[in-house]
Amino acid sequence: MAASGANSRRTSVDHHRTKPKPITRTKSLTKDNPKEVVTVDSGRVTDEDKRALRKVARNLMEPGKGLLLLDDATDQFGAGLDSKGALNNHHDRQDTVLLLLSDNDAWYVFVSGVVLQESTYGILRNSKEIRKTVLKDLEEKNVYVGIRIAKEQFQLPGTHGEKTPSGLDTMSDDCHVLKEMGAAFAIFTSVFDIDEYTPSLLAYVDNATYLTRSANICQRAGLVPVLNLKLTNHLTESNDLELLKITEDILAFLVKALADHHVYLEGVLLRITPVSVLTTDIKHAARATMKAIVHCIPPALGGVLLSDIGNLNQSTGILNEMFLTPCLKPCPLTFAWGDIFQNDVIGAWSRDKSTHQERIKLMTKNLKTCSEASMGQLPKDQHTLFVTKVSEA
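Colleague: Give me the packing of helix 7 (residues 171-181) against helix 8 (residues 201-220): which residues, what numbers.
Modeller: A packed helix pair is summarised by two numbers, namely the angle formed by the two axes and the spacing between the axes. Interhelical geometry of helix 7 versus helix 8 gives an angle of 40 degrees and a closest axis separation of 9 Å. It follows that helix 7 is oblique to helix 8 by the angle criterion. Where helix 7 crosses over helix 8, the handedness of that crossing is right-handed. Across the interface between the two elements, Met171, Ser172, Cys175 and His176 from helix 7 touch Tyr210, Ser214, Ile217, Cys218 and Arg220 from helix 8. For the contact of helix 7 with helix 8, the residue count by class is five nonpolar, three polar and one charged.

Colleague: An account of the pattern of salt bridges is requested, with residue identities and associated values reported.
Modeller: Considering all chains together, one arrives at five salt bridges under this definition. As a salt-bridge pair, aspartate 137 and lysine 141 come within 3.2 Å of each other at their nearest N and O atoms. Looking at aspartate 137, the relative accessible area reads 23%, which means it is partly exposed.

Colleague: Residue-level account of empty space enclosed by the protein, with values.
Modeller: Counted by the stated rule, this structure contains six cavities of 30 Å³ or more. Space inside the second largest cavity adds up to approximately 50 Å³. Lining the second largest cavity are Leu254, Val255, Leu258, Val268, Leu270, Ile297, Pro298 and Leu301.

Colleague: How would you sum up the nonpolar core? Please name residues and give values.
Modeller: Ranked by internal contacts, the top residues of the largest apolar core, which has 80 residues, are Val114, Cys175, Phe188, Leu227, Leu229 and Leu270. If you look at the next biggest cluster of nonpolar residues, it comprises 18 residues, including Ala57, Leu69, Val226 and Leu269.

Colleague: Please give an account of the side chain of serine 200 that cites residues and values.
Modeller: Residue position: serine 200 is located in the loop between strand 8 (185-194) and helix 8. Note on serine 200: relative accessible area 18%, which makes it buried. At a separation of 2.6 Å, a polar atom in the side chain of serine 200 contacts the side chain of glutamate 162. Excluding residues within four positions of it along the chain, serine 200 makes contact with Thr159 and Glu162.

Colleague: An account of the environment of leucine 265 is needed here, citing residue identities and associated values.
Modeller: Inspection of the secondary structure puts leucine 265 in the loop between helix 9 (240-260) and strand 10 (269-272). Distance in space between the C-alpha atoms of leucine 265 and glycine 303 is 9.3 Å, their sequence separation being 38 residues. When residues no more than four places from it in sequence are discounted, the contact partners of leucine 265 are Leu258, Pro298, Ala300, Leu301 and Gly302.

Parameters at a glance
- Residues numbered from 1 in each chain as written.
- Predicted model: local features only at pLDDT ≥ 70, side-chain atom pairs only at ≥ 80, totals over all residues.
- Heavy atoms only, no water.
- Axes fitted to C-alpha atoms, helices over the stretch in contact; angles between N-to-C directions.
- Helix = DSSP H or I, 4+ residues; strand = E, 2+ residues; numbered from the N terminus.
- Parallel < 35°, antiparallel > 145°, perpendicular 65-115°, else oblique.
- Left-handed = near helix turned anticlockwise from the far one by under 90°.
- Contact = heavy atoms within 4.5 Å.
- Nonpolar A, V, L, I, M, F, W, Y, C, P; charged D, E, K, R; others polar.
- Salt bridge = Lys/Arg side-chain N within 4 Å of Asp/Glu carboxyl O.
- Buried < 20%, exposed > 50% of the residue type's maximum accessible area, 1.4 Å probe, protein only.
- 1 Å grid on protein atoms, 1.4 Å probe; cavity = no way out; pocket = protein on both sides within 12 Å on 5 of 7 lines; lining within 4 Å.
- Points joined across faces, edges and corners; volume = space filled by probe spheres on them.
- Core = buried A, V, L, I, M, F, W, Y, C linked by side-chain atoms within 4.5 Å.
- Polar contact = N/O pair within 3.5 Å; in protein donor to acceptor, adjacent residues only side chain to side chain.

Encoded structure:
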């Protein structure tokens, strides 16, 4: 009887959690109207929204596909344009992104989503011709469009120069606008500087809270949040165990905050930096990164996206070895890479567009190799993974 009662109570609790209902409260007013029923939003995602978020997250983590960050941070993207003779303004960024989005018949099979800056996406959506051609074509091919929501970083008081993002007061409006424009997911970034004194406990807690509240707001607007943990190592001498411990601490604080704020885990994606980026041993880096994921990531999470380390060969080698690591993977894993893909293709934007098709072939070939790596299928004897010249494509 006791076990039956416990099961009954457990079922009741689970039912309440899966179907959040509005909270009703009463407050006294006057003698003539002594009570008034006030409906308060429970603050949780509805079952219908959960199904939609889970569908998008699963499609983004489809095996053999990854995210392509076409419009990186403005300074990085502008540096690439300046080197090719273009200017870092809205017009040139629009032309460059259109170049990368066009002729996607070859590479779309290896990409589940593309990421743009909020300003660039707004320009593309405001053009009827682009909206009917490029964006509509991506939608028909089940390639989701995501937005990088970049907020200004402020110094965190009481720390050694550590920073924290701002902008939570306008986050809800931003997310609803992006949802109405047709976006399916959004990327939020927190930066952790690793040196002798950082990251501090305050940085762990504050950044985890920011990402969690952003994820909550994002889900309520109907967007899948992608939480980007950017780890910058400033240590001249460090060991792999120290970097692994810091990575695990960051993940542990974030997962705890997600649980405290009732974020729907199946509708969240996490982007992390590989552990041990200072070493040239790809297998060792892959195992350390996989160990952090296994130790800290719950199986309910929608998936983990691997950041690049500035080199396609090393990044893809780590991703391939992570799948070959003999351990139980808690959730889906794939890549989310940006400028290391598009540097060669940006060159085709320059005044001469004669090499455009060859550049697209080059990017497609590299994406295919990354797709194989995301499933652990890279050939063992393949020493040079990527082509770097158009003549090799």
